[in-house]
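What the coordinates show
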Amino acid sequence: MVVPIPEGGVQVELVCGLLLWFGATCQGGPGPAQRDALMREEASRQIGGRLALTAAEQRLDARLHQLKEREMAAPSFPPAVHFFKAKLLIQRSPIFGLLQKMPKGGALHIHSSTLVSVDWLVKNVTYRPRCYICFTWDRSIRFLFSDRQPFPRWDCFHWQLLETLRAKMGDATDFDKSLIRNLTLFTEDPDAAYPSQDIVWEKFEKAFIVASGLITHAPVLRDYIYQGLEELYQDNIMYLELRSGLSRTYELDGSIHDKVWSLKTFQEVAQRFVGDHPDFLGARVIITVHRALSVADVKAAVKEAMQMQRDFPHVVAGFDLVGREDSGRTLWYFKEALLLPADMGRVLPYFFHAGETDEEGTDVDENILDALLFNTTRIGHGYALAHHPLAKELSRKGNVAVELCPISNQVLKLVSDLRNHPAAVLMSEGHPMVISSDDPSLFGTTGLSYDFYQAFVGIGGLKANLATLKELALNSIRYSSLPPPLKQTGLAMWQKKWDTFISAGFKELNQKGTRLI
């Protein structure tokens, strides 16, 4: 029976019916007991709502709630302003300090070219011998390691040895800062620098090209991967799934290594890191290609990914298409390529970027449904998912988690005030979700703590609590591509870290809780 809802409010009969369904009574009109039952039921549906907290966790949760109330009442509420302006405010937050120490599980959505802080790239890599620089016609830069003077090319007519150029400057501090500006989007006035999505995406994609000449030098790549894992580890992250195109790497003499060499190098470095850090679970690769390619090119990439997954089953997690959705080709455009594994009787897990758009109702917006149609394992970003009730239902029933990257969504101008992020709806409904950082070096972050802060304080609001944080961290292992035995190992490792964190957390907040935003 359909109960009509008249203008002016929900009928008492409908509310009573709901209360009876939840096991509460409703005699003589709604009272405090009925209202409490409704509030408890709604709270139980949010992420973490079904978790029972221990007494120690409840004490820490109560303190967190007090601190969040204070931060939300402050004149400058960090999630309400652009991250580049809010970063220093966040760093002063006692909640952020606690999140840095919290075991966050795994980082499941980070791109390889932005894994390591730009400070390390500039202060370490660009100071290595035989590093050349070129200033391009479009006011950008390129890097190249070479044992001889590099030849001119279409975008670089004159290469200069970086060591010689620095020596001419005396104090190279300002010069190094200019290099950093080419490797990151970070700026003091983001609204003026990036007035539109087109402009910020142009700078975004240029930064990838700038970094590539440094990262794809073979000796650098080994150190880069290790440094990236170290930065994650220092942020209390214990596992990584890295999206990478496995770019061909080069030596000083110009010789080129193929993608298999890059994959082997990743495997070797990750194994060495786990050997040095036994409480780190490991790392895997999601192979990517750009969505601007042709169907034939993507078909070849899918075949290549299947072969690499067969040869490196413990390293290759699956396949994804990357690049700006609004200007790139849709998933359905590549249907012939994406159906190839099924046609061949093979399994290649997909981890599609989908719904990273605010263009509701367009072909691009349909990527959300197509990602599910192609049986994606997770949804990268999923910003538009809240506008697709069927996709939301299917992803929830299918346990297809959304990879929420709040700072990326804000910097790339999908949302300005994170309190208005559509993921707030997903969090309140307990939708499968993990938190990640997408392109941390471009946004001036490392690890996941900044994104956890924005999701917990901004998107989750006052309703999000310690149980929310706990479930989000657990989700990063549950929804990872790890095989079940390793997931169980990871969950046990994480629980041990969590128990230690809880025992120290309350004292930590009491010591720092007087600090104001």
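Overview of the structure. Every residue gets a number counted from 1 within its own chain, in the order that chain's sequence is written. Where local features are concerned, this predicted model is filtered to residues with pLDDT of at least 70; where side-chain atom pairs are given and counted, the filter is 80 or more; whole-chain, interface and lining totals use all residues. Each side-chain value is worked out from all heavy atoms of the structure, with water and hydrogens disregarded.

1. Quick look at the overall build of the protein chain
- The helix count covers DSSP runs of H or I at least four residues long, the strand count covers runs of E at least two residues long, and both are numbered beginning at the N terminus. Each helix and strand counted, the protein chain has 23 helices and 11 strands in total.
- For 517 residues, the compact-globule estimate of 2.2 N^0.38 gives 24 Å, and the C-alpha radius of gyration of the protein chain, at 24 Å, lies within 12% of that figure.
- Projecting the C-alpha coordinates of the protein chain onto the three principal axes gives extents of approximately 90 × 60 × 45 Å.
- Only protein chains enter the accessibility calculation, which uses a 1.4 Å probe; a residue whose area is less than 20% of its type maximum is buried, one above 50% is exposed, and one in between is partly exposed. For the protein chain, buried positions account for 55% of its 517 residues.
- Considering only contacts in the protein chain between residues 6 or more positions apart, those separated by 24 or more positions represent 76%.
- All accessibility values rest on the Shrake-Rupley procedure with a 1.4 Å probe; residue burial counts only the protein chains present in the view. Of the roughly 22,800 Å² that the protein chain leaves accessible, carbon and sulfur atoms contribute 55%.
- Think of it this way: Lys and Arg go in the positive column, Asp and Glu in the negative one, and His and the chain ends go nowhere. To locate a charge, the coordinates of NZ of Lys, CZ of Arg, CG of Asp or CD of Glu are taken. Taken as two groups, the 56 positive and 60 negative side-chain charges of the protein chain have centres that lie 4 Å from each other. The reference for a compact globule is 2.2 Å times residues^0.38; the radius of gyration itself is calculated from the C-alpha atoms. The contact definition used throughout considers only heavy atoms, calling two residues in contact when any of these lie within 4.5 Å.

2. Observations regarding unusual backbone geometry
- Backbone geometry at Arg130 places phi at a positive 65°, although glycine is not the residue there.
- Positionally, Arg130 belongs in the loop between helix 6 (118-123) and strand 2 (131-135).

3. Looking at the nonpolar core
- To qualify as a nonpolar core, a set must consist of buried Ala, Val, Leu, Ile, Met, Phe, Trp, Tyr and Cys residues joined through side-chain atoms within 4.5 Å. In this structure, Phe143, Leu185, Leu240 and Phe319 are the most contacted members of the largest nonpolar core, which totals 142 residues.
- Every residue in contact with Phe319, bar those within four places of it in the chain, is listed here: Ile286, Ile287, Val289, Val298, Ala301, Val302, Ala305, Leu338, Leu348, Pro349, Tyr350 and Phe351.

4. A few points about the packing of helix 7 (residues 162-169) against helix 8 (residues 173-183)
- Comment: axis = line fitted to C-alpha atoms, over the contacting stretch for helices; angle = value between 0 and 180 degrees taken between N-to-C directions. For the pair helix 7 and helix 8, the least separation of the axes is 9 Å and the interaxial angle reads 135°. Taken together, the axes of helix 7 and helix 8 lie oblique to each other. Along its contact with helix 7, which presents Leu162, Leu165, Arg166 and Met169, the element helix 8 presents Phe175, Asp176 and Leu179.
- When residues are sorted by character, Ala, Val, Leu, Ile, Met, Phe, Trp, Tyr, Cys and Pro go into the nonpolar class, Asp, Glu, Lys and Arg into the charged class, and all the rest, Gly among them, into the polar class. Residue classes in the contact of helix 7 with helix 8 are distributed as 5 nonpolar, no polar and 2 charged. Small angles under 35 degrees read as roughly parallel and large ones over 145 as roughly antiparallel, with 65 to 115 read as roughly perpendicular and the rest as oblique.

5. Examining the sheet that holds strand 2
- Taken in spatial order, the 3 strands line up as 3-2-4 in an open sheet, and their pairing is antiparallel. This sheet does not close on itself; its edge strands, each paired only once, are strand 3 (141-145) and strand 4 (160-161).
- The criterion for strand pairing is that DSSP finds at least two bridges linking the strands in question. As paired strands, strand 2 and strand 4 are joined by 2 bridges and run antiparallel to one another. Opposite Tyr132, over in strand 4, you have Leu161 as the bridge partner.

6. A closer look at the pattern of salt bridges
- Any carboxyl oxygen of Asp or Glu that lies within 4 Å of a side-chain nitrogen of Lys or Arg is treated as forming a salt bridge with it. Per the stated rule, a full pass over the model turns up 23 salt bridges.
- Among the salt bridges present, the one from Glu41 reaches Arg50, with a minimum N-O distance of 4.0 Å.
- Given the relative accessible area of 63%, Arg50 is considered exposed.
- Note that Glu336 is salt-bridged to Lys299, the shortest N-O span being 2.5 Å. Residue Glu336 is located in helix 14 (residues 335-338), and its partner Lys299 is located in helix 13 (residues 295-311); the two are separated by 37 residues in the primary sequence.
- Taken together, the salt bridges that share partners define one network made up of Glu241, Arg243, Asp320, Arg378 and Glu403.

7. Section: the environment of Lys264
- Turning to its location among the elements, Lys264 is positioned in helix 12 (residues 259-276).
- Separated by 51 residues in sequence, Lys264 and Val315 have C-alpha atoms that sit 9.1 Å apart.

8. Notes on the packing of aromatic side chains
- Two rings from Phe, Tyr or Trp (for Trp, the six-membered ring) form a pair when their centres are within 6.5 Å of each other. A pair whose planes differ by under 30 degrees is stacked, one over 60 is edge-to-face, and the rest are tilted. Considering all chains together, one arrives at 18 aromatic pairs under this definition.
- Arranged with centres 5.0 Å apart and planes meeting at 70°, the rings of Tyr226 and Phe273 form a pair that is edge-to-face. Pair noted here: Tyr226 is in helix 11 (residues 218-234) and Phe273 is in helix 12, with a separation of 47 residues, a long-range link. As far as burial versus exposure is concerned, Tyr226 and Phe273 are alike and both buried.
- Grouped by ring-pair contacts, the aromatic residues Phe83, Phe84, Phe96, Phe186 and Tyr450 constitute a single cluster.
- Look at NZ for Lys and CZ for Arg. If either is within 6 Å of the ring centre and within 35 degrees of the ring normal, a charge sits over the ring. The lysine or arginine in question, Lys87, covers the ring of Phe186, its NZ or CZ lying 5.3 Å from the ring centre.
- Lying across the ring of Tyr127, Arg166 places its NZ or CZ 3.6 Å from the centre.

9. Notes on the packing of helix 4 (residues 83-91) against helix 21 (residues 449-459)
- Following both chains from N to C, one finds helix 4 and helix 21 inclined at 95°, their axes separated by 12 Å at the closest point. With respect to helix 21, the axis of helix 4 lies roughly perpendicular. Together, Phe83, Lys87, Ile90 and Gln91 of helix 4 and Tyr450, Tyr453 and Gln454 of helix 21 make up the contact between the two elements.
- Looking at the contact of helix 4 with helix 21 residue by residue, the classes come out as 4 nonpolar, 2 polar and 1 charged.

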